[in-house]
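Single-letter residue listing:
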Amino acid sequence: MNYITIKNLKIYAYHGVFPEEQKIGQLFLLSAKLYLDTSSAAQKDSLENSVDYGEICHFLTSLMTEKTFRLIEAAAEYLACNLLWKYPLIHAVELSLSKPNAPVNLPFEDISITVKKSWHNVYLGIGSNMGNRKDYLDSAVAKLKEDKSCTVCKVSGYIVTKPYGGVEQEDFLNGAVYIRTIYSPHELLDVLHKIENDAGRKRLVHWGPRTLDLDILLYDDLILEDSDLMIPHPDMENREFVLEPLREIAPFKLHPILLKRIRDIKA
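Description of the structure in this document. (Residues numbered from 1 in each chain as written. Predicted model: local features only at pLDDT ≥ 70, side-chain atom pairs only at ≥ 80, totals over all residues. Heavy atoms only, no water.)

Structural notes on the overall build of the protein
Line of reasoning, step 1. Broken down by element type, the protein carries 8 helices and 11 strands.
Line of reasoning, step 2. The C-alpha extent of the protein, read off along each of the three principal axes, is 65 × 50 × 30 Å.
Line of reasoning, step 3. Within the protein, the fraction of its 267 residues that count as buried is 45%.
Line of reasoning, step 4. Summed over its atoms, the accessible surface of the protein is roughly 14500 Å², and 51% of this surface lies on carbon and sulfur atoms.
Line of reasoning, step 5. Side chains of the protein carry 31 positive and 37 negative charges; the gap between the two charge centres is 2 Å. (Helix = DSSP H or I, 4+ residues; strand = E, 2+ residues; numbered from the N terminus. Buried < 20%, exposed > 50% of the residue type's maximum accessible area, 1.4 Å probe, protein only. Areas by Shrake-Rupley, 256 points an atom, 1.4 Å probe, with all protein chains shown as cover. Lys, Arg positive; Asp, Glu negative; His and termini not counted. Charge placed at Lys NZ, Arg CZ, Asp CG, Glu CD.)

Things to note about unusual backbone geometry
Line of reasoning, step 1. Going from I231 to P232, the amide bond is cis rather than trans, its omega being 0°.
Line of reasoning, step 2. Position of P232 among the secondary structure elements: in the loop between β11 (230-231) and α7 (240-249).
Line of reasoning, step 3. Located in the positive-phi region is D235, a residue other than glycine, with phi close to 65°.
Line of reasoning, step 4. Following the sequence through the fold, D235 ends up in the loop between β11 and α7.
Line of reasoning, step 5. Not every positive phi belongs to a glycine, and L259 is a case in point at roughly 55°.
Line of reasoning, step 6. By secondary structure assignment, the location of L259 is in the loop between α7 and α8 (262-266).

A closer look at the side chain of N174
Line of reasoning, step 1. Following the sequence through the fold, N174 ends up in strand β8 (residues 172-181).
Line of reasoning, step 2. In terms of polar contacts, N174 uses its side chain to reach the side chain of T161, at 2.6 Å.
Line of reasoning, step 3. Residues contacting N174, with those up to four places away along its chain left out, are I126, G127, L137, G157, Y158, I159, T161 and F241. (Polar contact = N/O pair within 3.5 Å; in protein donor to acceptor, adjacent residues only side chain to side chain. Contact = heavy atoms within 4.5 Å.)

If you want it as structure tokens, here you go:
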């Protein structure tokens, strides 16, 4: 993918751990690569199909001077996220923030942080078998829509399914949601857990009844396995309550381990 480069934008701001940095201020240098599809802009020779780098420079300067951060790590993350939130044509950002006059008291050329943020394609499984099941699912989708780090692109219809795992309980209402998000997998997991907790989710019995169940099924083509998160979701290929709604919204999505499309796994 093509990118637009901004190199060493000079901004005087008031970030730093030490009180004098926040009082007196210092020079910062900001560089960024803005990844986007420029083919339409090139063919039409129109700024409407690209981004205005002059406007972006003023936007970044405003962000740097409107609030104070102790760490350049926090400032860089704030800048990168705001670029993705404000400019939908930008798919990814690689941003470097430099402190050429950092209070180190040793000779150095530069000190900087570089962060990379991008939009990711994620598929979620949603389910409920307590109370008003549809209200719980609709509320979860609504909360995702309210989160500016998520864009809800598609929501499947809801289906009634039998419980999975051998615990006697009420039938589930299940669905699938396709979102684009700038959260990392573990950041997204934390967000989903908070939505579950807000819905009164209690983790008392494994595979037991629940007001709301939100699972990350697929995250780009990522394969991840650690102590608290596995992607793709384990055994999803054998779960009707996952495959049926997922096939509705993403029939041609490829499972990164099985290397089969969702519609073919379901078939």
